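Observations on chain architecture
The primary structure of each chain is shown beneath.
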Amino acid sequence: MTTVSRPLSPCIQHCQLDTTNTCQGCGRTLNEIAYWGQMTEAEKAPVWERLEAQGYIALAEISHPT
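Residues numbered from 1 in each chain as written. Predicted model: local features only at pLDDT ≥ 70, side-chain atom pairs only at ≥ 80, totals over all residues. Heavy atoms only, no water.

**Structural notes on unusual backbone geometry**
At Q13, a position not held by glycine, the phi torsion is positive, near 60 degrees. Relative to the helices and strands, Q13 resides in the loop between β1 (2–5) and α1 (30–35). The exposure class assigned to Q13 is exposed, which follows from its relative accessible area of 72%. Positive phi, close to 60 degrees, is recorded for N21, a residue that is not glycine. Here N21 shows up in the loop between β1 and α1. Overall, N21 belongs to the partly exposed group, its relative accessible area being 39%. (Helix = DSSP H or I, 4+ residues; strand = E, 2+ residues; numbered from the N terminus. Buried < 20%, exposed > 50% of the residue type's maximum accessible area, 1.4 Å probe, protein only.)

Laid out in structure tokens, this is it:
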């Protein structure tokens, strides 16, 4: 079985918003940043997937014996 290991937040402390209110450091929108602490894991999952697809995050896969 393989699971994905994720940090608590995608923030890399390089916070700078572009003209679309997207952080140049982590790739999250201003709304995602503001509500991150209140979001459930299910709400965060598509954000993590988008950030990985866009190259902001390289997630580590961890294999667990079945």
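**Remarks on the environment of I12**
Turning to its location among the elements, I12 is positioned in the loop between β1 and α1. The exposure class of I12 is exposed, given its relative accessible area of 53%. Taking C-alpha positions, I12 is 9.7 Å from Y56, a pair spaced 44 residues apart along the chain.

**Section: the pattern of salt bridges**
Per the counting criterion, the structure on display carries two salt bridges. In this structure, R50 and E32 form a salt bridge, with 2.8 Å as the shortest nitrogen-oxygen distance. Here the residue R50 occupies a position in helix α2 (residues 41–53), and E32 occupies one in helix α1, the gap between them amounting to 18 residues. Residue classification places E32 among the buried residues on the basis of a relative accessible area of 13%. (Salt bridge = Lys/Arg side-chain N within 4 Å of Asp/Glu carboxyl O.)

**As for a nonpolar patch on the surface**
A contiguous nonpolar patch, built from L17, L30 and I33 and spanning about 220 Å² of accessible area, is present on the exposed surface. For I33, the position within the fold is in helix α1. In this structure I33 comes out as partly exposed when scored by relative accessible area, which is 33%. (Patch = residues over 30% accessible without salt bridge, like charges linked within 9 Å, V, L, I, M, F, W, Y side chains within 5 Å. Areas by Shrake-Rupley, 256 points an atom, 1.4 Å probe, with all protein chains shown as cover.)

**So, the confidence of the model for the protein**
Averaged over all residues, the pLDDT of the protein equals 87, while 82% of them reach at least 70. For the protein, strand β2 (residues 60–63) is the element with the lowest average pLDDT, namely 45, and α1 is the one with the highest, namely 98. (pLDDT = per-residue confidence, 0-100.)

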